[in-house]
Amino acid sequence: MMTVYLILLAALVGWKGWKAWRRGRRQWLRDMTDYRGLWEYLLANGTPERQARRIFLRRAWQRAYRPLLRQWRLWLVVAVIGVVVAVLLR
């Protein structure tokens, strides 16, 4: 029973992580097309490519993982209750 619960929990975490990654990637691509001028401006003024990319990555990261972290508070409570019930039933 505990193994099935852990497998379902791992599948849920993987699925949510994949959806967050897709959301972040979509935001990254949208920002790179919408703010192409900002990208070129930063590079033309001597900003290293890594530092210019960081601005867009931070925005994509926030867009992807903030909702996920808010949802995981609920899933953490559900997981803890499931583990406690499983331990008590043993």
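All of the points below concern the structure found in this document. (Residues numbered from 1 in each chain as written. Predicted model: local features only at pLDDT ≥ 70, side-chain atom pairs only at ≥ 80, totals over all residues. Heavy atoms only, no water.)

### Digging into a nonpolar patch on the surface
- A contiguous nonpolar surface patch, about 520 Å² in accessible area, is contributed by Val-13, Leu-69, Trp-72, Leu-74, Trp-75 and Val-78.
- Considering every element that reaches the nonpolar patch, the biggest residue donor is helix H3 (residues 49-89), with five residues.
- By relative accessible area, which is 54% here, Leu-74 ends up exposed. (Patch = residues over 30% accessible without salt bridge, like charges linked within 9 Å, V, L, I, M, F, W, Y side chains within 5 Å. Areas by Shrake-Rupley, 256 points an atom, 1.4 Å probe, with all protein chains shown as cover. Salt bridge = Lys/Arg side-chain N within 4 Å of Asp/Glu carboxyl O. Helix = DSSP H or I, 4+ residues; strand = E, 2+ residues; numbered from the N terminus. Buried < 20%, exposed > 50% of the residue type's maximum accessible area, 1.4 Å probe, protein only.)

### Thoughts on the environment of Leu-57
- In this structure, Leu-57 sits in helix H3.
- C-alpha of Leu-57 to C-alpha of Asp-31: the two residues are 26 residues apart in sequence and 9.5 Å apart in space.

### Side note on the layout of surface pockets
- Considered as a void within the structure, the largest pocket measures approximately 170 Å³ in volume.
- As for the largest pocket, its lining consists of Ala-20, Trp-21, Gly-24, Arg-25, Trp-28, Leu-57, Ala-60, Trp-61, Ala-64 and Tyr-65.
- For the lining of the largest pocket, the secondary structure elements donating two or more residues are helix H1 (2-34) and H3.
- Class assignment of the residues belonging to the lining of the largest pocket gives a composition of eight nonpolar, one polar and one charged. (1 Å grid on protein atoms, 1.4 Å probe; cavity = no way out; pocket = protein on both sides within 12 Å on 5 of 7 lines; lining within 4 Å. Points joined across faces, edges and corners; volume = space filled by probe spheres on them. Nonpolar A, V, L, I, M, F, W, Y, C, P; charged D, E, K, R; others polar.)

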